[in-house]
Amino acid sequence: MTVQDFILESYNSDLEKGSVKWSSPSNIALIKYWGKKENQIPANPSISFTLSNCKTITEMSFSKKEGKEFSFDVYFEGEKNEAFRPKIQTFFERIESYVPFIRDYHFKIETSNTFPHSSGIASSASGMSALALCLMSIERSLSGAEESESYFNRKASFLARLGSGSACRSIEGELVVWGKNESVSKSSDLFGVKFEDTVHPNFHEYQDAILLVDKGEKQVSSTVGHKLMLGHPFSENRFKQAHDNLSEMKEVLKNGDLKRFVEIVESEALTLHAMMMTSMPYFILMKPNTLEIINRIWSYRQQNNSNICFTLDAGANVHVLFPKAEQEKVYDFINSELVAFCQNGHYICDIVGKGAIKL
Ligand code: DP6
């Protein structure tokens, strides 16, 4: 598919008003997206587990208006929110040629997250995917055409990508690949695709305990971090490594090799942070407690012959990943040893999920 396939050419503009609502999850990357080209095209492919409990719920009410200016109001958790406006304005500017009706309506966007506000958990993936899905539902009523579910999901992912890259992996579950890679047949740089191969039962209902190490604002945003991969001394090797890791991960997901899964996932997380530490300017997003947690996870794994592992996003929080079979023991370990390193003892229990839901 090409960009051309996502241009909506005609629609019925008689619809005066309406309202749509979606719940869309966050996701956690196993192979990381870090570095991008023009128009939100990733520099390397990535794969993520879609989550289940961390999600954004967005209702979009629309009403016909005069004029062609973008017009919208945003409410976050019941209160009018100005802070989100610039991101949504940029999002609308990037997507208008694919959903031209956004200039014909005023939108009231009411959104809330299931995870605590300012927990340091990025809400851009769940937030932008929820918005994209709402716009797709509106497009569906305006176009009158019954597009296939696969077209709907692809275009939703395509739009979400233009809001925030990782958001394109939040439409479907349980594993989503984004970025062209020769070992994943339908993979594309334009949208995320559901990982269709058989997945070994070891990975069913995989667990993710998100340890909230630092709830503060990050010193360096992901957008800035991605840009620093341009001209980064290690970028070419890193992008190649991500391709190789994805090809191998595909096999691991099939054959259930948990030991190799742990190695690839942890290496990806540390490589992501190594890229941050070796860019110019360089920066460190991990905190002392991030390292404490990593070291304790390593000791626990060795002493208990466990398959627990960690991954990190662009921040200090630690995602602790483990198979369902280890759930009870790992939560005992988290409660006895790791909560001490979480800000106010906070962590979130999540599990792999099936994707966004229309409400
Ligand atoms: C470290 O998707 O937040 O979480 O496209 O600029 O919005 P933008 O970046 P974003 O990048 C997140 C990168 C990451 C790794 C990943 O999720 O793959």
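Residues numbered from 1 in each chain as written. Predicted model: local features only at pLDDT ≥ 70, side-chain atom pairs only at ≥ 80, totals over all residues. Heavy atoms only, no water.

J.: Describe the nonpolar core, listing the residues and the values that go with them.
T.: Counting residues in each nonpolar core, the largest one holds 74 residues, and the members touching the most others are Ile47, Met60, Phe92, Phe107, Met249 and Phe261. The leading source of residues in this core is helix α2 (residues 124-143), at nine residues. Leaving out residues up to four positions away in the same chain, Ile47 has contacts with Ile28, Ala29, Leu30, Ile31, Leu175, Val176, Val177, Phe195, Leu246, Met249 and Leu253. Counting 23 residues, the second largest nonpolar core, distinct from the first, contains Ile293, Ile294, Val320 and Ile334. (Core = buried A, V, L, I, M, F, W, Y, C linked by side-chain atoms within 4.5 Å. Buried < 20%, exposed > 50% of the residue type's maximum accessible area, 1.4 Å probe, protein only. Helix = DSSP H or I, 4+ residues; strand = E, 2+ residues; numbered from the N terminus. Contact = heavy atoms within 4.5 Å.)

J.: Residues and numbers for the site of the ligand, please.
T.: Taken together, 16 residues lie around the ligand, and Tyr33, Lys36, Ser164, Gly165 and Ser166 are the ones closest in. Contact between the ligand and Tyr33: an oxygen atom at 2.7 Å from a side-chain N or O atom of the residue. In this structure, Ser166 approaches the ligand through a side-chain N or O atom, which is 2.7 Å from an oxygen atom. Burial of the ligand by the surrounding chains reaches 93%, relative to a free accessible area of 460 Å². Examining the composition of the shell around the ligand, we find that three residues originate from one element, helix α4 (residues 222-227), more than from any other. Taken together, the residues of the shell around the ligand sort by class into five nonpolar, seven polar and four charged. (Near = heavy atom within 4 Å. Polar contact = N/O pair within 3.5 Å; in protein donor to acceptor, adjacent residues only side chain to side chain. Areas by Shrake-Rupley, 256 points an atom, 1.4 Å probe, with all protein chains shown as cover. Nonpolar A, V, L, I, M, F, W, Y, C, P; charged D, E, K, R; others polar.)

J.: An account of the pairing of strand β7 (residues 105-113) is needed here, citing residue identities and associated values.
T.: Side-chain alternation along β7 places Tyr105, Phe107, Ile109, Thr111 and Asn113 on a buried face and His106, Lys108, Glu110 and Ser112 on a face that remains uncovered. As paired strands, strand β4 (residues 46-64) and β7 are joined by nine bridges and run antiparallel to one another. From the neighbouring strand, Ser63 faces β7, where its bridge partner is His106. Of the pairings in the sheet, the one linking strand β5 (residues 71-76) to β7 comprises six bridges and is parallel in character. Looking at β7, one finds that Ser71 is bridged to His106. (Pairing = 2+ DSSP bridges.)

J.: Describe helix α5 (residues 235-255), with residues and values.
T.: The end-to-end C-alpha separation of α5 is 30 Å, in line with the 30 Å expected for 21 residues at 1.5 Å each. Taken together, the buried positions of α5 are occupied by Ser235, Arg238, Phe239, Ala242, Asn245, Leu246, Met249, Lys250, Val252 and Leu253. Angular distribution of buried residues about the axis of α5 spans 165°; they occupy a single face of the element. Exposed and oriented more than 90 degrees from the buried face of α5 are Glu236 and Asn237. Next to the buried residues of α5 lie β1 (17-31), β4, β8 (175-178) and α6 (258-277). Following α5 by one or two positions, Gly256 adopts a phi angle in the positive range, close to 75°. (Expected span 1.5 Å × (residues − 1). Arc of directions from axis to C-beta.)

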